[in-house]
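# Analysis of the macromolecular model
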Amino acid sequence: MNYTDILNHVREIIQSEGQSGLKNVCETLKSSVRYYNWVGIYYMNDVTQILEIGPYSGAETEHTRIPYGKGICGQVAVSGETFTVQDVSEQDNYIACSIETKSEIVVPIHKGEKLVAQLDIDSHYASPFTSEDEDFLNAVCAEIAMVL
C-alpha cells in the first residue's frame, strides 16, 4: 500500500468511527508501513504538564505518562514541532521504550492553533524516516485533529 492509499483508509476510518477509530488508525499505520513498529497517540494535559497515552498499536509500554520536556515526545510537547530521531542512541534526552527501538518520529497534532496531541512512531530500523514520511504523517495528524 502506498501513502495515498493508507491516508485514504485513515480518512475512511475517521469518517466512519470518529475518535473511537483512532486505535484502528494506529493499527493501520503499523501494519501498512513495515518500519512503523509502534504507533501511538499521546494527549496533552497542559494542567499537569504531562502527556497521557491514548490509543496505540505495538508492544505494551510503561511510558503511559510523560512529563513535558522529557524524551522525544516531551520535547515535542514543548516545541510543538515534528522531531525525527534517526538514531536514538545519539539522543541525550531519549526515553527507551524498547531495546529494539532504533529511531523515532513524533508529529504534533494541532486543533487550530492549540497543540492537543501527538503521533509517536518507533522503528526497529535505523534511519528509516524520510521527508515523505513526515508529509504523510502531517496529513494523518490533520485527519486525527478533526475528531479531537
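Quick summary incoming for the structure in this document.

Rules behind the numbers
Residues numbered from 1 in each chain as written. Predicted model: local features only at pLDDT ≥ 70, side-chain atom pairs only at ≥ 80, totals over all residues. Heavy atoms only, no water. Helix = DSSP H or I, 4+ residues; strand = E, 2+ residues; numbered from the N terminus. Expected span 1.5 Å × (residues − 1). Buried < 20%, exposed > 50% of the residue type's maximum accessible area, 1.4 Å probe, protein only. Arc of directions from axis to C-beta. Contact = heavy atoms within 4.5 Å. Polar contact = N/O pair within 3.5 Å; in protein donor to acceptor, adjacent residues only side chain to side chain. Pairing = 2+ DSSP bridges. Phe/Tyr/Trp six-rings, centres within 6.5 Å; stacked < 30°, edge-to-face > 60°. Lys NZ or Arg CZ within 6 Å of the ring centre and 35° of its normal. Disulfide = S-S within 2.5 Å. Axes fitted to C-alpha atoms, helices over the stretch in contact; angles between N-to-C directions.

Residues spaced three or four apart along an α-helix point in a common direction, a consequence of the helix completing one turn every 3.6 residues. Given a rise of 1.5 Å per residue, 15 residues ought to cover 21 Å, and the 21 Å separating the end C-alpha atoms of helix α1 (residues 3–17) matches this to within 8%. For α1, every residue scored as buried is listed here: Y3, I6, L7, V10, I13 and I14. Taken down its axis, α1 places every buried residue within 115 degrees of arc, on the same side. Exposed residues on α1 whose side chains face more than 90 degrees from its buried face are T4, Q15 and S16. Residues of α1 that are buried sit in contact with α2 (22–32) and α4 (131–145). With a side-chain oxygen positioned 3.0 Å from the backbone nitrogen of T4, the residue opening α1 is N2. In the stretch just after α1, G18 is the one whose phi turns positive, near 60 degrees.

When you tally the buried positions in strand β1 (residues 38–45), you get 7 out of 8 residues, the bulk of the element. Bridging between β1 and strand β2 (residues 50–57) involves 6 bridges; their strand directions are antiparallel. Residue pairing in the sheet places N45 in a bridge with I50 of β2. Taking the residues that link successive antiparallel strands as the turn, the β1-β2 hairpin has 4 residues, and the phi of Q49 there is positive, at about 60 degrees.

On to the packing of aromatic side chains. One pass over the full model with this rule turns up 6 aromatic pairs. Taking 5.4 Å as the distance between ring centres and 85 degrees as the angle between the ring planes, the aromatic pair formed by Y35 and Y36 counts as edge-to-face. Grouping residues by exposure puts Y35 and Y36 together as buried. Arranged with centres 6.3 Å apart and planes meeting at 35 degrees, the rings of W38 and Y42 form a pair that is tilted. On the basis of relative accessible area, Y42 is assigned to the buried category, the value being 1%. Here the aromatic cluster, defined as three or more aromatic residues joined through ring pairs, consists of Y35, Y36 and F129. K23 extends its terminal NZ or CZ atom over the ring of Y56, reaching a point 5.7 Å from the ring centre. Above the face of the Y125 ring, R34 is positioned so that its terminal group lies 5.0 Å from the ring centre.

Turning our attention to the environment of I41. Tracing the backbone shows I41 in strand β1. I41 sits in the buried class, given a relative accessible area of 0%. Sequence-distant contacts of I41, that is, excluding residues within four places in its chain, are made with L22, C26, E52, I53, G54, P55, A117, Q118, L119 and I144.

This brings us to the environment of T61. Looking at the secondary structure, you find T61 in the loop between β2 and β3 (65–67). For the pair formed by T61 and W38, sequence separation is 23 residues and the distance between their alpha carbons is 9.8 Å. A polar contact is formed between the side chain of T61 and the backbone nitrogen of H63, at a distance of 3.0 Å.

Take the state of the cysteines next. The term disulfide refers to a covalent linkage connecting the sulfur atoms of a pair of cysteines. This structure, assessed with the given rule, holds 0 disulfides. Free of any disulfide, C26 has its nearest neighbouring cysteine sulfur in C141, separated by 9.9 Å.

Here 6 strands make up an open sheet; going across it, the order is β3-β2-β1-β6-β5-β4 and the pairing antiparallel. Among the strands making up the open sheet, the edge pair consists of β3 and β4 (83–85). Strand after strand, the sheet turns through a mean of 25 degrees between neighbouring axes, direction not considered. In terms of strand pairing, strand β5 (residues 103–111) meets strand β6 (residues 114–123) through 9 bridges, oriented antiparallel.

Remember, this is a structural readout, not a statement about activity or role.
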